[in-house]
Amino acid sequence: MQKSRIIARRFCGIFLLGIGLSARADTLLLTNGDRISGELIELNSTTAKIKTSYAGTLSLDIEVIQSFLTNKAQHWQINLKPRHLLIYENEQRGHVTVDGHKIAISDLRLAPTQAHWKKSGLLETTLDVDNDANRKEKLHINTELNLESQHWRHALKAESKRDKEKSKVTEDTIEFNYTLDYLFDTHWLVRTDSTYREEGVDIASKYWYLGAGPGYRLWGEGKDKLDTIFSYNRFWLNAGPLDLELSAWGAALDYEQYWFNNKLETFADLHIAYPTIDTIDYIANTSSGLRYYFEHNIHVSLKYDYNETRFILGTVRDSSYVLGAGVNF
């Protein structure tokens, strides 16, 4: 009789333990056929984290996940739209089933809604090595500030360039750029972009640009991204006696990606505008390069700038290589 009671108690304990585990047992199905059960605590575009009772918290690359399922409704985001739901397994690689519909895992996020703005920025001081033989030394100070929430992105950039040759100032330029993005989902966005540049050595000139239009994110999230933008632009140029105002249709590529655990960053920013007047064929501005990040938020950078404007009577080009160092925050 006593032995029967002991067996019954053990059976009840095992049964209750099974209920406790099954109450929260998400399952990841891997591409190699393995299954990992536990509590799914994070899922983003690159990583999935699952808390297990036998191996602690495991972090997996999203590429090795065939599919997954949950047995408890949680707060998810599908293309930035919040929903409270269950996730079911799907036979196609890299997909799950939600309310009877096939959804790509890359479109899902398991994370609390951002209540505060995410802030980042950098400050760089650079020394240019120009292709133009008349330019020998250039002090270049560059600063960036980025604010990002679930649907909004603000980017403010400021640059100052001062070029000297034999103690004579040959270039004195200051430029400000402000970009505002509104993200409808993980792919579609609308962007407004404004740039003001002032130059003054022999002839003082002022340049102001304002553009707006739709964009599409080909891939990426947060820091890693490749955005395409199509916009309608308005230009104002004042240089000595010249006072010009024109419109243009434009396109842009905005690329940024981090490698080796965020140690190395590659980036590119390309803009091309086609004015509606016959005297100018196009205006192209490109900037690309890389940054390597050390400890204590210090980095070194190499950047290549290339600008080209084609007129009916000819083409004006300017290019430079930029070596720099700075701090990010």
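Residues numbered from 1 in each chain as written. Predicted model: local features only at pLDDT ≥ 70, side-chain atom pairs only at ≥ 80, totals over all residues. Heavy atoms only, no water.

J.: I keep staring at the pairing of strand β23 (residues 315-328) and nothing clicks. Help me out?
T.: Along a regular strand, successive side chains alternate from one face of the sheet to the other. Of the pairings in the sheet, the one linking strand β22 (residues 298-311) to β23 comprises 13 bridges and is antiparallel in character. Bridged to Thr 309 within β23 is Val 316. Between β22 and β23, which pair antiparallel and follow one another directly, the connecting turn spans 3 residues. (Pairing = 2+ DSSP bridges. Helix = DSSP H or I, 4+ residues; strand = E, 2+ residues; numbered from the N terminus.)

J.: Please explain unusual backbone geometry as it appears in this structure.
T.: Backbone phi values are negative for most residues with the exception of glycine, while trans is the configuration of most peptide bonds. Of note in the backbone geometry, Asn 261 takes a positive phi value of approximately 60 degrees without being a glycine. Structurally, the position occupied by Asn 261 is in the loop between β19 (242-259) and β20 (264-275). For Asn 261, a relative accessible area of 78% puts it in the exposed group. Look at His 296: it is not a glycine, yet its phi comes out positive at around 60 degrees. (Buried < 20%, exposed > 50% of the residue type's maximum accessible area, 1.4 Å probe, protein only.)

J.: Explanation requested: the sheet that holds strand β7 (residues 81-85) in the structure shown.
T.: Where strands meet in a sheet, backbone hydrogen bonds hold them as pairs that are either parallel or antiparallel. The 3 strands are arranged β7-β6-β11 in an open sheet whose pairing can be described as antiparallel. Of all strands in the sheet, those with a lone pairing partner are β7 and β11 (108-109), marking the two edges. In this sheet, β11 lies alongside strand β6 (residues 74-78) in antiparallel orientation, the contact comprising 2 bridges. Along β11, the bridge assignment pairs Gln 77 with Arg 109.

J.: Just to check I follow, could you spell out the sheet that holds strand β9 (residues 95-98) for this structure?
T.: Judged by pairing direction, the sheet is antiparallel, and its 3 strands sit side by side in the order β8-β9-β10 without closing on themselves. Where the open sheet ends on each side, the last strands, each with one partner, are β8 (88-89) and β10 (101-104). Judged from the 4 bridges that link them, β9 and β10 form a sheet pairing that is antiparallel. Opposite His 95, over in β10, you have Ala 104 as the bridge partner.

J.: Would you mind going over the nonpolar core with me for this structure?
T.: Side chains that are nonpolar tend, in soluble globular proteins, to be buried together. Ranked by size, the top nonpolar core spans 21 residues in total, and within it Leu 28, Leu 43, Phe 68, Trp 76, Ile 87, Val 96 and Leu 108 carry the most contacts. The set of elements that each furnish at least two residues to this core consists of β1 (26-30), β2 (35-43), β3 (47-52), β5 (65-69), β6 and β9. In terms of residues, this core owes the most to one element, β2, which gives 3 residues. The residues contacting Phe 68, other than those within four sequence positions of it, are Thr 27, Leu 28, Leu 29, Leu 40, Leu 43, Trp 76, Ile 87, Tyr 88, Glu 89, Val 96, Ile 105 and Leu 108. (Core = buried A, V, L, I, M, F, W, Y, C linked by side-chain atoms within 4.5 Å. Contact = heavy atoms within 4.5 Å.)

J.: Hey, could you run me through the pattern of salt bridges in this one?
T.: Pairing between side chains of opposite charge can happen when their charged atoms approach one another. Summed over the entire model, instances satisfying the criterion amount to 20 salt bridges. Here Arg 197 and Glu 199 are joined by a salt bridge, their closest N and O atoms 3.1 Å apart. Judged by relative accessible area, Arg 197 falls into the partly exposed class, the value being 24%. For the salt bridge of Lys 263 with Glu 295, the shortest nitrogen-to-oxygen distance reads 3.4 Å. Residue Lys 263 is located in the loop between β19 and β20, and its partner Glu 295 is located in the loop between β21 (280-293) and β22; the two are separated by 32 residues in the primary sequence. According to the relative accessible area criterion, Lys 263 is partly exposed, its value standing at 28%. If you follow the salt bridges from partner to partner, you end up with Arg 153, Asp 181, Arg 191, Arg 217, Lys 225, Asp 227, Asp 254 and Glu 256 in one network. (Salt bridge = Lys/Arg side-chain N within 4 Å of Asp/Glu carboxyl O.)

J.: Help me out: how do you make sense of the packing of aromatic side chains in this one?
T.: Any aromatic ring pair is given by two values, namely how distant the centres are and how the planes are angled relative to each other. Under the defined criterion, the tally for this structure stands at 12 aromatic pairs. Taken together, a centroid distance of 4.5 Å and an interplanar angle of 25 degrees make the contact between Trp 208 and Trp 236 stacked. Taken together, the residues Trp 208 in strand β17 (residues 205-221) and Trp 236 in strand β18 (residues 224-239) connect sequence positions 28 residues apart. Among the residues examined, Trp 208 registers a relative accessible area of 37% and is labelled partly exposed. Overall, Trp 236 belongs to the partly exposed group, its relative accessible area being 26%. Aromatic side chains Tyr 232 and Trp 249 sit 5.0 Å apart centroid to centroid with 65 degrees between the ring planes, which places their arrangement in the edge-to-face category. Linking Tyr 232 in strand β18 with Trp 249 in strand β19, this pair joins segments that are 17 residues apart in sequence. (Phe/Tyr/Trp six-rings, centres within 6.5 Å; stacked < 30°, edge-to-face > 60°.)

J.: When you look at the side chain of Asn 90 in this model, what are you seeing that I'm missing?
T.: Inspection of the secondary structure assignment puts Asn 90 in the loop between β8 and β9. Residue classification places Asn 90 among the buried positions, given a relative accessible area of 15%. Within the local environment of Asn 90, its side chain forms a polar contact with the backbone nitrogen of Gln 92, the two atoms lying 2.9 Å apart. Among residues more than four places away in sequence, those in contact with Asn 90 are Ser 67, His 95, Val 96, Thr 97 and Lys 102. (Polar contact = N/O pair within 3.5 Å; in protein donor to acceptor, adjacent residues only side chain to side chain.)

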